[in-house]
Each structure stands twice: as structure tokens, then as C-alpha cells.
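# Structure assessment
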Amino acid sequence: MKNKLLFILLLISCVAAGAALFRLSGSPASAVAGHESASASVQPLATQTSTHSNTPAFQDKGTPSPHTDNTATEAFTRQVFALQYSADIAFSAPGTTVEQTIRFDISGDMIQYRQIRDDHIYKLIRIPSPDITAVVNQQANPEIVAAMRQQVQEGVEFISSPEGEILEVYLSQPHPSLKSMETIAFMMQHIIPETVSGKAQWQRSEQDYNGEFTAFYSLQPDTAPMPATDSYALFKRRELEKSVYDQASGDQARGLDQARGLANQLKPVYSFSHQARWDQQHRMLQSLSVDESVEHLLNGQPLASSNNRLVLNLTSWTQGISRSELALIQQIQSQRQLALTAAEVFLSNGGKASQRAGAQGEETAEQQKSDQSAQGINTSAEEAYQEIKDLYDAMLSLGGLERVKAESQLSALLQNFARTYPGELDLLTDDLAKFGTHEPGFSLYLSALSTVASRASQDAMLTTLNARMHENQAAASIMASLALSPQGNTQTFERFSNMVGNSPLAASMPANVDLAKSAMVQRMGVEDSATASAYVSDQLQDLKSAADTSATLHHLTVLGNMGQYLSYEDLQTYTEQSNTDVRQRATHALRFVPGPDATDYLLQTLKEDANTATREVAANSLSYRALDNRTLDQLRQQIATESSQQIKDRLQGIVDKYAHNQTETAQ
């Protein structure tokens, strides 16, 4: 489960401004207090008369150019910005407190080198001497600081249209998850017509690390005390049309748990503030203040949040650069390994296909996409699996951020392999049978198989379980992975039941066996209610004959996992027992039991039970249920009188979720 949550956070982090360390929600970070003044000090230096060079530093194909004489330096503009950039990322499992938080800050002078061509603009931004801090869960993290320092000092190259839209990004190597310079480049992006006069407004489609937007621009005469010539106040707002994970992983981000009848929806909520001063004569920013907040909701509950803040003030600029600066640009160009389109920057995993295409610098973006889409068809299973093994071997020698990134890439390759080659999964299971439970391959391979909704993936896990039946630790992990598989079917349930029925596991790990079965039954119940009902009947008999409280609690847990196949009467006796643990466990088991009786009992418990913890369980169980307007009105009344802040917050979340869903339906 840990690796699956890790995988989720890495996806969300790349979506949420490309700024996270792990693949796993919390509350949005606070807004920036006191942005710097929008009136920056603009100091244009003496502009030299530029003579065009026959060998410009920027080459269309991304190849390094030879050193040129000093006249080539005049083709560049050099801008220096005082920069302050910070990001906050938080994650928590739904319904829990924050488990993972990351905060980093960068400040210093950012230099932008710019060369204007007829049909595009080349830019290199870098921070030669940055001040950086990074904190993970309130602990300073020097490893992140070192990784980010390397990024910002190295900088990032990109190509934009004459209006300012970023078209391509060049990297010397795939950046790890904390893509600070790419994020800054996109936050600086303002797409402005080459001809404007006075007050102007326009809108257009844009895309960045969050997805596709409709952007609304407003350009107004500068009201600063001493505005520069052709200086404007620039405002920008954006409305999200399609999020990155809608485009890239919609099937994974949104699933359907048929047995519960719940739609698992991952939804972003964005808040943007973009204000700038713009020098239209020289086509450049004078100052910029950006605050972007993103909160990700899973079924209306907070899952992750990020907040990016950027303040830029232009302190100086000049036409022309020194010979040493030209040599630096040429050196950076010579080290290019990746050429990415704007849409690929924050989804790039640095795979072999992208690296090869970037190193050659000759293939178009369309050719790259074609190669990648055809890879699953034209590559044999053995070749595809060899790539997985090579990456795994390379991952073992990595540490820190690079290790996390490699694990994420390996997880994606394993899932793709399981989907593309369902008849060749013995290649995976042969190795999975050999991994020690302490080795990363054991949990990575299992996590990938449990994510893919297919009978073949379940059979692969069962084959592995059969091979490791006498290893309790391995067997427990495999059964947990089977329980997480998103698709249930009768064949898997029956094969698992027969396999463990007369095995040592039935005696040594009965709880694990029952919980795995209950998860399978929950998912297959819609298509095979007869098998599901039979297993529920068996568990009810076991509950009634339980020898002690521990056994009672276990069977209530198992039955609760399959709740919709129960009636309220099946559990009523246990909700009325004096033992607090039993009463709470039975209350929790009611969360999926259909019908008004279960809802009414939970409401009564919420209002009247003397035990606050039991009332909190009732509130949590109500959050799983489909509620009518009468019940929602009662929850609102309870919020007004509720003494426990934790319960009040939980109830408010339920009410807000329904209000949000009704608003969406009306739209």
C-alpha cells in the first residue's frame, strides 16, 4: 500500500506545479503576505548597435554552435531579476491529518539571456548564486537543497513564439520531481500580441504543468508615478478547461467501485493571482507577482495541495553580453540531452525514447509521440521486460530524489507491461518469486500488478502466492495486494479460496485470508451476487459463534468491508452492546448497509451517544452513504450545536461535498 500511495503522490506532485518529492492532501497553503511592490526599478543601459551574426548561438535543431567572434554577443539581451520563489506541498490520505509536507524557498538574482529571431525567441534562465532552503515535515533537508541548487545554477533553455508562448524546453538531463526552473519559466509566461495600444483585453487557450486553460488578459496604462515608455499594468486570470491527469491518466484518476456504487473522482480546484508591469517597447516584464494554489479532491475530500509563489523585479538589462557569457550559453547548449514540447515538460519521465530523441535533436514532437505509441506493439515482451530489468538494476545504485524518480518510472513501466503483455506475465512472476520481501522489487512488482484491473494480473499474484505459501511475510503482502486489485471476479475468488483453504495460511493467518476474501467479494458482488451472498452468510455464522471479543471484532470488520450485502438487522444486536469497541466496530460496519434504518441509527448515534469517539465513527460512516435532503438538513442542525470540532469539521465536509456536487449538476 505504501508504494501505491507513493505512486499517487508523484503523479499529483508533477501535476501540481511539478514541485513534489513523493507520489502521495492536506489544506491549501496560506497565501503570500505582502508581495513586493509592483513598481520595479528599470535601468536601461546604453544599447549597442547590433550587427547580425552569420553564426548565431542558437541553432534551430538544438545542436551546439561553434564559438563566434564578439559581434555575436550583441544578438542577446541580458536581463537581471530579483527573484523570490517558494512552494508548499502537502499530502494526506483522505480523512486523515497531513502525513507529508514539503516547503522550499529560492531567492537571488535570476539572469535571463534572450535572443530574438524572426519566428521565435530563444531564452536561457538561471540563478548563479541562489539562497535555498528546503523543509520536509518540519525538518531541514540538505539533499533537496543540493538537488535544487544544481538545477537553478544550470538553468533551463526554452523557445517561445514572438508573442511569448513556450513551445519547446531543452534540458541537459531529466530533472527530478522538483522541477523548479521549468515551473518558474511557465509562471513567467505571458502571451501578448506584438501590437497593443491603450487599454486592451483578449483571451486565448494556454497550457502548462496544470493542464489546459482559457486565459483572460487585461492590459491597462501604467499608473506608476514615473512609468517607462510603453509601460502597462498587466492582469491575467485563468479558468481550467482540462487538468493534466484528465488528459494523461483519466482512467487511473477516475474509477468506479461497482460494489459500493461510488465514483472515485480526482478533481483539482485552482486559484490564481497574476499581476505584472509590462514594457511593450522592449517586450519584457518589469515586475511580476504570481500566486497559484491547487487543491486536489478525491470524491470531494482533500487529497493534496500545493501553492507556488513567485515575485520578480527587473533590476537591470542591457543589449549585448560578454564573450564569457556567450561561451557559457554555448556550453549549456552543447550539453542538451532532451528536447520536450511544452505539453511534455511536466509529464516527462526521462524514458529511453525521450532521451534518444532529445540527444539526436532531429525528430519532431509528432515523430516522438508516434514512436512511443507504437512501442507496445513493435517491441517484444522480452525486450520490454529487459528494459524493466535494466532500470531496476540502475535504480539500486541510486539514492534520494533520483531513487524516488526511478521507482516512479519503474512502476509506470511495470503497469504498462502488465496491460500490454497479459500473456507474458510469467516473466514478472519468475522474478517476483525470487525477490526477498526486503528487496524493493518485491513491493514494486506487487504494487504494479495490484493497480492493473485485469484477470491476468490477479492470476500473476496468485501464482506468486502459490510459490511462496510457506513464507508468512511474503504471503501477507501478496494477499494485501490481491485485496487492492480494482476488479473482482468469481474465478479469482474461487482460485484463492481453494488455494488457501487447506494451506498453513488458513491456520496461521486467518484474519489476512478473510480480509482478502472480503475485498474480492465487495468488488465482484455486482456480477456474481450468489457467490458474494454465500460468503456473507458464512461470515455471519462465524460472527454469531465468535468465541471472544477479538473474534467478534474481526468478523465485524470483514462484514463491514462487504456491507451492502447485509441488512441492518444482521448488525443491530452488535450496535447495541455495552462493549464500546464492539459498538464502534458495528457502527463502522454500517457504512455500506443500504436502507433508511442504517442511516437513522447513525444519525441517532451521532446526536445522542455519550462516547465522543463513537459519535465520530458514526459521522465518518455517514460520509460513505448517499444522503437525502432531510438527512443533510439534520447534519446542518448538528453542526450548529456540535461540541467536538473534529466531528463538526467532518460533518461540514459532507454537507459541502453535496453542495458542490449539486452546483456541478446545475452547471
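Below: a short report on this structure. (Residues numbered from 1 in each chain as written. Predicted model: local features only at pLDDT ≥ 70, side-chain atom pairs only at ≥ 80, totals over all residues. Heavy atoms only, no water.)

### Some points on the pattern of salt bridges
Test applied: Note on definitions: salt bridges are taken to be side-chain nitrogens of Lys or Arg within 4 Å of carboxyl oxygens of Asp or Glu. We count a stretch as a helix when DSSP gives it H or I for four or more residues in a row; a strand needs E for two or more, and each element gets its number in order from the N terminus. Three labels apply to residues, based on accessible area from a 1.4 Å probe with only protein chains included: buried if under 20% of the type maximum, exposed if over 50%, partly exposed otherwise in between.
Enumeration according to the criterion identifies 16 salt bridges in this entry. A salt bridge links Asp88 to Arg309, with the shortest nitrogen-to-oxygen separation between them at 2.3 Å. One end of the pair, Asp88, is in strand E1 (residues 76-91); the other, Arg309, is in strand E15 (residues 301-319), with 221 residues separating them in the sequence. You can call Arg309 buried: its relative accessible area is 7%. Here the salt bridges do not stand alone but share partners, grouping Asp88, Arg103, Asp105 and Arg309 into one network.

### Brief notes about the packing of aromatic side chains
Remark: the centre distance and the inter-plane angle together describe each pair of aromatic rings, the angle taken between the planes. Counted only if it meets this: Side-chain rings of Phe, Tyr and Trp, where Trp is taken by its six-membered ring, are said to pair if the distance between their centres is within 6.5 Å; with planes under 30 degrees apart they count as stacked, over 60 as edge-to-face, and otherwise as tilted. For a lysine, the NZ atom is tested; for an arginine, the CZ atom; a charge sits over a ring if that atom is within 6 Å of the ring centre and within 35 degrees of the ring normal.
Using the criterion set out here, one finds 13 aromatic pairs in the structure. Ring centres of Trp202 and Tyr217 lie 5.2 Å apart, and the angle between their planes is 10°; this geometry places the pair in the stacked category. Pair noted here: Trp202 is in strand E8 (residues 200-208) and Tyr217 is in strand E9 (residues 211-221), with a separation of 15 residues, a long-range link. The burial state of Trp202 is the same as that of Tyr217; both residues are buried. Ring geometry for Tyr385 against Phe417: centres 5.7 Å apart, planes inclined by 50°, an arrangement best described as tilted. Note that Tyr385 is positioned in helix H9 (residues 381-395) and Phe417 in helix H10 (residues 400-420), a separation of 32 residues in sequence. The same class applies to Tyr385 and to Phe417, which are both buried. Put simply, the rings of Phe213, Tyr270 and Phe272 pair up and form one aromatic cluster. The ring of Phe216 carries the charged tip of Arg237 above its face, separated from the ring centre by 4.1 Å.

### Digging into the environment of Asn137
Take Asn137: it is sitting in the loop between strand E4 (131-136) and strand E5 (139-140). With 35 residues separating them in the primary sequence, Asn137 and Ile102 have C-alpha atoms 6.4 Å apart.

### Some remarks on a negative patch on the surface
The following threshold applies: Like charges are joined within 9 Å and nonpolar side chains (Val, Leu, Ile, Met, Phe, Trp, Tyr) within 5 Å, but only among residues with over 30% relative accessible area and no salt bridge; these make up the patches. Per-residue and other accessible areas were derived by the Shrake-Rupley procedure at a 1.4 Å probe size, with only the shown protein chains allowed to occlude residues. Lys and Arg are tallied as positive, Asp and Glu as negative. Neither His nor the chain termini are counted. A single reference atom marks each charge: NZ on Lys, CZ on Arg, CG on Asp, CD on Glu.
Where like charges cluster on the molecular surface, the negative patch consists of Glu382, Glu383, Glu424, Asp426 and Asp430. If you list the elements that add at least two residues to the negative patch, you get H9 and helix H11 (426-432).

### Topic: the nonpolar core
Nonpolar side chains in soluble globular proteins tend to end up buried together. Applied cut-off: In these notes, a set of buried Ala, Val, Leu, Ile, Met, Phe, Trp, Tyr and Cys residues joined through side-chain atoms within 4.5 Å is what counts as a nonpolar core. Contact criterion: two residues are considered in contact whenever any of their non-hydrogen atoms come within 4.5 Å of each other.
Phe417, Leu465, Phe496, Leu505 and Leu635 are the most contacted members of the largest nonpolar core, which has 81 residues in total. Sort the elements by how many residues they give to this core and H9 lands first, with seven residues. Dropping the residues within four chain positions of it, Phe496 is found in contact with Leu462, Leu465, Met479, Leu482, Val513, Ala516, Lys517 and Met520. If you look at the next biggest cluster of nonpolar residues, it comprises 53 residues, including Leu83, Leu171, Met187 and Leu340.

### Focus: the environment of Met148
Position of Met148 among the secondary structure elements: in helix H2 (residues 142-154). Residue Met148 is classed as buried on the basis of its relative accessible area, which comes to 0%. Between the C-alpha atom of Met148 and that of Lys179, which follows or precedes it by 31 residues, the distance is 8.2 Å.

### Some remarks on unusual backbone geometry
Here the phi dihedral of Arg283 falls at roughly 55°; this positive angle occurs in a residue that is not glycine. Within the secondary structure layout, Arg283 lies in the loop between strand E13 (266-279) and strand E14 (284-298). With a relative accessible area of 18%, Arg283 lands in the buried category.

### What to know about the side chain of Gln151
Note the cut-off: Pairs of N or O atoms within 3.5 Å make up the polar contacts considered here, provided that, within protein, one atom can donate a hydrogen while the other can accept it, and that residues adjacent in sequence are counted only when both atoms are side-chain atoms.
By the element assignment, Gln151 lies in helix H2. Overall, the relative accessible area of 4% leaves Gln151 in the buried class. A distance of 3.2 Å separates a polar atom in the side chain of Gln151 from a polar atom in the side chain of Ser180.

### Concerning the packing of helix H22 (residues 596-608) against helix H24 (residues 629-641)
Heads up, the condition is: Helix axes are fitted to C-alpha atoms over the stretch in contact, other axes to C-alpha atoms as well, and angles between N-to-C directions run from 0 to 180 degrees. An angle below 35 degrees is treated as roughly parallel, one above 145 as roughly antiparallel, one from 65 to 115 as roughly perpendicular, and anything else as oblique. Gly is put with the polar residues, along with every residue not named as nonpolar or charged; the nonpolar set is Ala, Val, Leu, Ile, Met, Phe, Trp, Tyr, Cys and Pro, and the charged set is Asp, Glu, Lys and Arg.
Direction vectors running N to C along H22 and H24 enclose 5°, while the axes themselves pass 11 Å from each other. With respect to H24, the axis of H22 lies roughly parallel. Seen from H22, the contacting residues are Thr599, Asp600, Leu603, Leu606 and Lys607; seen from H24, they are Arg630, Thr631, Gln634, Leu635 and Gln638. Of the residues belonging to the contact of H22 with H24, the class tally is three nonpolar, four polar and three charged.

### Considerations on empty space enclosed by the protein
Selection rule: Lining residues are those with an atom within 4 Å of a point, where the points come from a 1 Å grid over the protein atoms alone and group into cavities, where a 1.4 Å probe fits but cannot get out, or pockets, open sets with protein on both sides within 12 Å along at least five of seven lines. Grid points are joined across faces, edges and corners, and a volume is the space filled by probe spheres set on the points.
Of the volumes computed, that of the largest cavity is approximately 240 Å³. Gln112, Lys123, Met188, Trp278 and Arg283 are, among the 20 residues lining the largest cavity, the residues nearest its centre. Those elements that place two or more of their residues in the lining of the largest cavity are E1, strand E2 (100-116), strand E3 (121-126) and E14. The class makeup of the residues in the lining of the largest cavity is ten nonpolar, six polar and four charged.

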